[in-house]
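Structure at a glance
Chain residues, written in single-letter form:
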Amino acid sequence: MSRIPADRGRSAQIRCRRALCSAALATTSLVTLVPFAYAAGGDEIVVTARKREERLIDIPISATVISGDEIAQKGALTVDLNTIVSGIAGARFNNLADNSLSETSLRGAGAARGTNSEVGIGLFRDGIYAAGGFQFGRNVQRIDTFDLARVEVTRGANGALFGRNAVGGAINLITIKPQSEFGGRITADYQWDTEAVDTQLILNVPITDKISTRASVDWWHQEKGFICPPTLNRCSSWGQGIFGRGQIRYVDEALDVNLLIERQQQSGPVAYSALRVAPGAAPGYTVGYNDGKYNQHLDFPNPEKDVQNLNNAILTVGYDFDFAKLSWVSSFRDRHTFINLDLDRTSAVGVALANSLGNAVTGDTTTRQDLTDDTATWVSVAHLAGDLAGDKLHWLFGAEYLNQHGNYQVFQPTMNNASGARLQTDYNYKSIAPFATLYYDIFSWLKVGAEGRWTHDEKDAVQFRWTHPTAKPATPASDLSFDSNNTAYNFTISANVTPDAIVYVGIGSGYRAGGFNPNPGGCDFGLGATNCTVIPDTFSNEKSVSYEIGAKGEITDWLIGTFAAYKRHTNGVQSGLNNGCDMALMNCPDGMGGFLAPTMYVDNFGDANLWGVEVELSANFEFLGGTTRLMLDGSRQEGHYKGGPFDGNLVVQNPKWILGGNLHYTHAIPNTEASAFGNLNYSANYGGTQEIDGSFDLSDYNIFDARVGVDYGGWQFSVYAQNLTNYNYILLDTLTTERWSLPRIWGANVRYKW
């Protein structure tokens, strides 16, 4: 994957790529530097990072843009946010091996390690807020990353433009809309190690000169993998799914209307982990025990699973008045998630094996947990943008409305499923936010900008706890509410040092919405639990102010880059902690014959100060007669909590170093109409801590992905390796379990495009 950093403008960089890809391979020298030039005809490619069409050179924002083709260069067809943000300066993907639980952070914001908090960055699909919900809304869905035109990643305080949660930045996934030309693509992908098959069909059909349609379908199936517990009848890493999408678009001179309707049905592995107990760390484990990286001993008749179904509709309307442009996007998103977990991470077979080593483990091995989260979200955003004062004053004003309803249930049986308890939460979230921006060109080389947003949030929830199988209330219902008003702003000054390079300074604010915890006022699903932390009912908003200086643009006519330095102060930091329970430790009796499961909860743990420095470079040149694009990314960041119970500790999920690079090379094959290509992608993290109490460090890692192939006419054939060097590292560490990254995966891909 290559990335377009915040340099000569996203439009300029995409122009550069087009010019580069069509450049004649006429040189006979070893290296020829290729100037960045406009695309044929001088057309500019623009993006909408500030809700209006602009070149990035004019925007005082640190940002990265990735095209859909560049994402595909890494290999596998179906991608996630890990694939997209891997190696981007300041970006961290907390890979919990489950799409419902994994989360992305930007500049140290967005990794609360508590799945019932709001995500700490703005996650958007075609300009619509795509996250949220009581439990499993911290990530986009798999279908959101399918058939993409591009991804825009903006870093820094974006609360004024994007609203809630955009403290560290925002990610906007932009889907390809129907085009006016007939065309399509069919692609098939196979991975040997996992026996995974993925096929995609995309068809673009114009109906008239004003109406076009686009239909897309993706089917995937994975039977095997690396995690195949000997106690189960199939691998834990199985999965299957199908996505379907239909679009119809009407384009006239002033009017552009697009309707998108899609559905996702899929099921796959849950957040796998293996039992690992140090000697004497848990009852009965006198000599300790370790299942190994992938050799789990579970007792389900079938593997744990995560079911994710989604219905989504997006209506986009644009109208060009004589004095301004209107943009309106509305969406209805209905998401269903079901997860079942083997909480104790063992089975009778596993206990027998542990005892054969000299342990004396006893107790229930059948403890499980079922979780269901149904969330429906209505979002509508409209804004009007125009220019005044001889096109020197650029204005925009608009409003956003969000209405979200969810139902979340947890069922936890006790010994041998004979009894148990069920927690049910009915959740509502309403938000309204007017916003406005003003940018003024004082001189042709000096510009100032102001952005502002006022947001009113209303949240309420009703929670019940029921005993099972009697279905009698365990405790009275809890009524919770949370209302807040928030103001976010952003002020910038930028100056052109050359026509294709700027420097800028800015100050901005943002907030991360507060919310509710499960088990309000207590720490268990039943009655009489002991040794567990009392979980607070609610947690408050997290508010931040950021300061940034930066520079971006052409360094030479073949090298472009960006530099940014920032500092952020956060009040009321939201972060997650465990309630102190562990099934393997059996340390929280629930008063009903079983033991309480570990439960993450969120609270405000004081303040935090963070700082960072980011650098991105992009070079284009011809080497040995072929076309080369080289991208390099690096960032150094750090943050500490101030005040509260964890004063002085490192901010969680914030590696000290994040490094990335991408090398893409294309060469024409002599005396043929074919060309060969190769892609090498690199990402690395160093330093940092996993939990707010500093109990576990983040694992360092260096990951290489490689892909080589041939293009001939409309055909493309390629082979690839994910994790080329077979590097393993720990994704998540706890007192009694550990989760490892996957080993190397080989795959092949064939594509026909017309």
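Here goes a summary of the coordinates provided. (Residues numbered from 1 in each chain as written. Predicted model: local features only at pLDDT ≥ 70, side-chain atom pairs only at ≥ 80, totals over all residues. Heavy atoms only, no water.)

1. Section: the pairing of strand E31 (residues 626-642)
The element E31 is extensively covered by neighbouring structure, given that 12 of its 17 residues are classed as buried. Between strand E30 (residues 607-623) and E31, which pair antiparallel in sequence order, lie 2 residues; one of them, leucine 624, sits at a positive phi of approximately 55°. Examined bridge by bridge, E31 and strand E32 (residues 657-668) share 10 bridges and lie antiparallel to one another. When the bridges of E32 are listed, methionine 631 appears paired with asparagine 662. (Buried < 20%, exposed > 50% of the residue type's maximum accessible area, 1.4 Å probe, protein only. Helix = DSSP H or I, 4+ residues; strand = E, 2+ residues; numbered from the N terminus. Pairing = 2+ DSSP bridges.)

2. Regarding the environment of aspartate 256
Here aspartate 256 lies in strand E13 (residues 255-268). Separated by 46 residues in the primary sequence, aspartate 256 and lysine 210 place their C-alpha atoms 9.5 Å from one another. Among residues more than four places away in sequence, those in contact with aspartate 256 are Arg249, Tyr250, Val251, Thr316, Val317 and Gly318. (Contact = heavy atoms within 4.5 Å.)

3. Quick word on the pattern of salt bridges
Using the criterion set out here, one finds 23 salt bridges in the structure. Of the charged contacts in the structure, one is a salt bridge between arginine 155 and glutamate 614, with a shortest N-O distance of 3.1 Å. With arginine 155 in strand E7 (residues 148-155) and glutamate 614 in strand E30, this pair connects stretches of sequence that are 459 residues apart. Comparing arginine 155 with glutamate 614 shows no difference in burial state: the two are buried. Between aspartate 373 and arginine 335 there is a salt bridge; the shortest N-O distance is 3.5 Å. Of the two residues, aspartate 373 is situated in strand E18 (residues 368-388) and arginine 335 in strand E17 (residues 324-342); the sequence distance between them amounts to 38 residues. Using a relative accessible area of 0% as the deciding quantity, one classes aspartate 373 as buried. In this structure, a network of salt bridges that share partners links the residues Arg125, Asp126, Asp144, Arg245, Glu262 and Arg333. (Salt bridge = Lys/Arg side-chain N within 4 Å of Asp/Glu carboxyl O.)

4. Focus: the sheet that holds strand E5 (residues 122-125)
With mixed pairing, the 5 strands of this open sheet are ordered in space as E2-E7-E8-E5-E6. Two strands bound the open sheet, and with one partner strand each, they are strand E2 (62-67) and strand E6 (128-129). As judged from the 6 bridges shared by E2 and E7, these two strands associate in the antiparallel manner. Its bridge partner lying in E7, serine 62 is registered against arginine 155.

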